[in-house]
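Below are the chains, spelled out letter by letter.
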Amino acid sequence: MKYVCSLNQEFNEEFVAEMSKLFNLDSHLIRLLCSRGIDTQEKINNFLNPSITHLHDPYLFENMKAAVELIEKHIENNSKFLIFGDYDVDGISASAILIKYFESVGVNVSSFMPNRYEDGYGLNINTLDKIFEKDIPNIIITVDCGITSVEEVEYIKSKGIDIVVTDHHERAEQLPNCLIINPKVSETYPFKSLCGAGVALKLVQALAGITKASEYFPICAIATIADIVELFDENRAIVALGLKNIDKAPAGVLKLMHECGISKNAKASDIAFKLAPKINASGRMGSAETSLELYLETNPNQIKKLCSQIIEFNNQRQQLCDKVYKKKKTFLSTKDIF
């Protein structure tokens, strides 16, 4: 018999005792799970035993079928693909997932990672012009950005370029007039808390199936942890499976993990406090391209150089943070005198 626990603090003690015995957990932990909405036997089991079966059908996104058809048409036509990313761990990881997938099927794919200080966040006309001066792609796929880029999408379309926006941020009042894959926009997708890399993973799952998508679980797990999204439902499964298979992460990421003192039995806290800040540092202090290259590079000598650059960026970031903290502390102390 399946019991449901009340969401208020007056717990169904019969249910608590039953679940405590069934899952061999202290009753206080069962009450804690219930208080957080994990209040049925099925939900508790899914929380404690995340698996690949917990990933939802990517075609539950309204626009996924149309996006896949458009992308497949461009693949057949040998089109030039451009992945337009973001400069944090999530955007870098999402870019890496799509670049790696498209390269694996022989697509002519390039990427653009905005410079935080020169380009700013997301799509903008000046940045697009800079891209188009060098080469004009046939299709652009955004990752971790684009949901508010109404004017920029129209500008891209005016150039005869197709665009698919994959993002996870909140929408503005007006949406771009293009194919959008975003759980916060979708009315039919059941899980709203994917990060940008998670959305990119769902696109790969739709294009090539879950077996192919699972190759990118370690990358997506890093992004999911770094972006501090809710670790339940799909996110919990992605992180659990990604950490379990972290030894299959890109060679550059494994090297940086080694430099951070992270073993192949990595925990979420290792990713959050040791690895992610270093991957982020290149986008804060230099160019996020450095961290993206680390995901994509296979040459051991080049990987070693990239790791050194990223660690140096992180050292610079720490020194700058310390400097700002000391200045603020001095300012506040001086202010107190007056």
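Quick caveat: nothing in here was measured; it's all calculated off a predicted structure. Sequence order sets the numbering: in each chain, residues are counted from 1 along the sequence as written. Restriction of local features to residues with pLDDT of at least 70 applies here, the model being predicted, together with a cutoff of 80 or more for giving and counting side-chain atom pairs; totals for whole chains, interfaces and linings are based on all residues. Side-chain numbers come from the whole structure's heavy atoms, not from hydrogens or water.

Caption draft 1: Representation of the overall build of the protein chain in the model. Numbered from the N terminus, helices here are DSSP runs of H or I no shorter than four residues, and strands are runs of E no shorter than two. Of regular secondary structure, the protein chain possesses 15 helices and 5 strands. Radius of gyration: C-alpha atoms only; globule rule: 2.2 Å multiplied by the number of residues to the exponent 0.38. Computed over its C-alpha atoms, the radius of gyration of the protein chain comes to 22 Å, within 12% of the 20 Å expected for a compact globule of 338 residues. Counting only C-alpha atoms, the protein chain reaches 70 × 60 × 45 Å along its principal axes. Categorising residues by exposure relies on relative accessible area from a 1.4 Å probe, with only protein chains included: less than 20% of the type maximum marks a residue as buried, more than 50% marks it as exposed, and the intermediate range marks it as partly exposed. In the protein chain, buried positions account for 48% of the 338 residues. It only takes one pair of heavy atoms within 4.5 Å for two residues to be counted as in contact. Put simply, of all contacts in the protein chain between residues at least 6 apart along the chain, 65% involve residues at least 24 apart. When charges are counted, neither His nor the chain ends are considered; positive counts come from Lys and Arg and negative counts from Asp and Glu. Where a charge sits is defined by one atom per residue type, namely NZ (Lys), CZ (Arg), CG (Asp) or CD (Glu). Charged side chains of the protein chain number 37 positive and 44 negative; the gap between the two group centres comes to 7 Å.

Caption draft 2: Broad picture of the side chain of Lys202. Locating Lys202 in the fold gives a position in helix H8 (residues 196–208). Here Lys202 falls in the buried class, since its relative accessible area comes to 0%. Throughout this description, a polar contact denotes any pair of N or O atoms lying within 3.5 Å of each other; where both atoms belong to protein, one of them has to be capable of donating a hydrogen while the other can accept it, and for residues adjacent in sequence the pair is counted only when both atoms sit in side chains. From its side chain, Lys202 meets the backbone oxygen of His56 in a polar contact 2.7 Å long. Polar contacts involving the side chain of Lys202 include one to the side chain of Tyr189, which spans 3.3 Å. The residues contacting Lys202, other than those within four sequence positions of it, are Leu55, His56, Pro58, Phe61, Met64, Tyr189, Leu194 and Glu234.

Caption draft 3: Geometry of the packing of aromatic side chains. We call Phe, Tyr and Trp rings a pair once their centres come within 6.5 Å, taking the six-membered ring for Trp, and we label the pair stacked below 30 degrees between planes, edge-to-face above 60, and tilted otherwise. Scanning the model with the defined rule gives 5 aromatic pairs in all. Aromatic side chains Phe61 and Tyr189 sit 3.9 Å apart centroid to centroid with 10° between the ring planes, which places their arrangement in the stacked category. Of this pair, Phe61 sits in the loop between helix H3 (41–48) and helix H4 (64–76) while Tyr189 sits in the loop between strand S5 (179–181) and H8, and the two are 128 residues apart along the sequence. Here Phe61 matches Tyr189 in class, with each residue buried.

Caption draft 4: Molecular detail of the environment of Phe15. In this fold, Phe15 is placed in helix H1 (residues 13–23). For the pair Phe15 and Ala240, spaced 225 residues apart in sequence, the C-alpha to C-alpha distance is 27 Å.

Caption draft 5: A look at helix H5 (residues 89–104). Expected span of a helix: the number of residues minus one, times 1.5 Å. Helix length check: H5 (16 residues) gives 22 Å between terminal C-alpha atoms against 22 Å at 1.5 Å per residue, within 8%. Gly106 occupies a position one or two residues after H5 and carries a positive phi of about 80°.

Caption draft 6: Spotlight on the environment of Ile228. Tracing the backbone through its elements, the reader meets Ile228 in the loop between helix H10 (217–226) and helix H11 (233–244). With 33 residues separating them along the chain, Ile228 and Cys195 place their C-alpha atoms 8.7 Å apart.

Caption draft 7: Geometry of the nonpolar core. To qualify as a nonpolar core, a set must consist of buried Ala, Val, Leu, Ile, Met, Phe, Trp, Tyr and Cys residues joined through side-chain atoms within 4.5 Å. Counting residues in hydrophobic clusters, the biggest one holds 73 residues, and the most contacted among them are Leu98, Phe102, Ile141, Ile222, Leu275 and Tyr295. Among the elements that line this core, the one with the most residues is H5, at 9 residues. Excluding residues within four positions of it along the chain, Tyr295 makes contact with Val89, Ile92, Ser93, Ala96, Lys100, Ile219, Ile222, Pro250, Val253 and Ile279. Membership of the second largest hydrophobic core comes to 17 residues, among which are Leu82, Ile147, Val153 and Ile180.

Caption draft 8: Focus on unusual backbone geometry. The backbone of Asn78 sits at a positive phi, close to 55°, despite the residue not being glycine. Among the structural elements, Asn78 can be located in the loop between H4 and strand S1 (80–84). For Ile228, which is not glycine, the phi torsion reads 55° and is therefore positive. Residue classification places Ile228 among the exposed residues on the basis of a relative accessible area of 76%.

Caption draft 9: Fine view of the pairing of strand S4 (residues 162–166). For S4, the tally of buried residues reaches 4 of 5 residues, placing the bulk of the element in the interior. When DSSP locates at least two bridges between a pair of strands, those strands are taken to pair. Two strands pair when backbone bridges link them, and strand S3 (residues 139–143) and S4 are joined in this way by 5 bridges, in the parallel orientation. Looking at S4, one finds that Thr142 is bridged to Val165. For the crossover that starts at S3, traverses helix H7 (residues 150–158) and ends in the parallel S4, the hand is right-handed. The pairing of S4 with S5 spans 3 bridges and is parallel. When the bridges of S5 are listed, Thr166 appears paired with Ile181. By the criterion used throughout, a crossover qualifies as right-handed when its path from the first strand across the helix to the second strand runs clockwise, the strands pointing away from the viewer.

Caption draft 10: Here's a closer look at the packing of H8 against H10. As a rule, the C-alpha atoms of each element are fitted with a line to give its axis, helices using only the stretch in contact, and angles between N-to-C directions run from 0 to 180 degrees. Packing of H8 against H10 brings their axes to within 8 Å, and their N-to-C directions diverge by 155°. Classified by the interaxial angle, the pair formed by H8 and H10 is roughly antiparallel. Between H8 and H10, the contacting residues are Ala197, Gly198 and Leu201 on the first element and Phe217, Cys220 and Ala223 on the second. Across the contact of H8 with H10, the residue classes tally to 5 nonpolar, 1 polar and no charged. Any angle between 65 and 115 degrees counts as roughly perpendicular, while under 35 counts as roughly parallel, over 145 as roughly antiparallel, and the rest as oblique. Each residue gets one label: Ala, Val, Leu, Ile, Met, Phe, Trp, Tyr, Cys and Pro are nonpolar, Asp, Glu, Lys and Arg are charged, and the others, such as Gly, are polar.

Caption draft 11: Expanded view of the pattern of salt bridges. Salt-bridge detection follows one rule: a side-chain nitrogen of Lys or Arg within 4 Å of a carboxyl oxygen of Asp or Glu. Scanning all chains against the criterion turns up 10 salt bridges. Here Lys65 makes a salt bridge to Glu69, at a shortest N to O gap of 2.6 Å. Placement of both Lys65 and Glu69 in helix H4 is noted, with a separation of 4 residues, approximately one turn of the helix. The exposure class assigned to Lys65 is exposed, which follows from its relative accessible area of 52%. With relative accessibility at 43%, the residue Glu69 sits in the partly exposed group. The salt bridge partner of Glu154 is Lys157, with a shortest N-O separation of 3.3 Å. One end of the pair is Glu154 and the other is Lys157, both in helix H7 and 3 residues apart, which spans about a single turn. Here Glu154 falls in the partly exposed class, since its relative accessible area comes to 37%.

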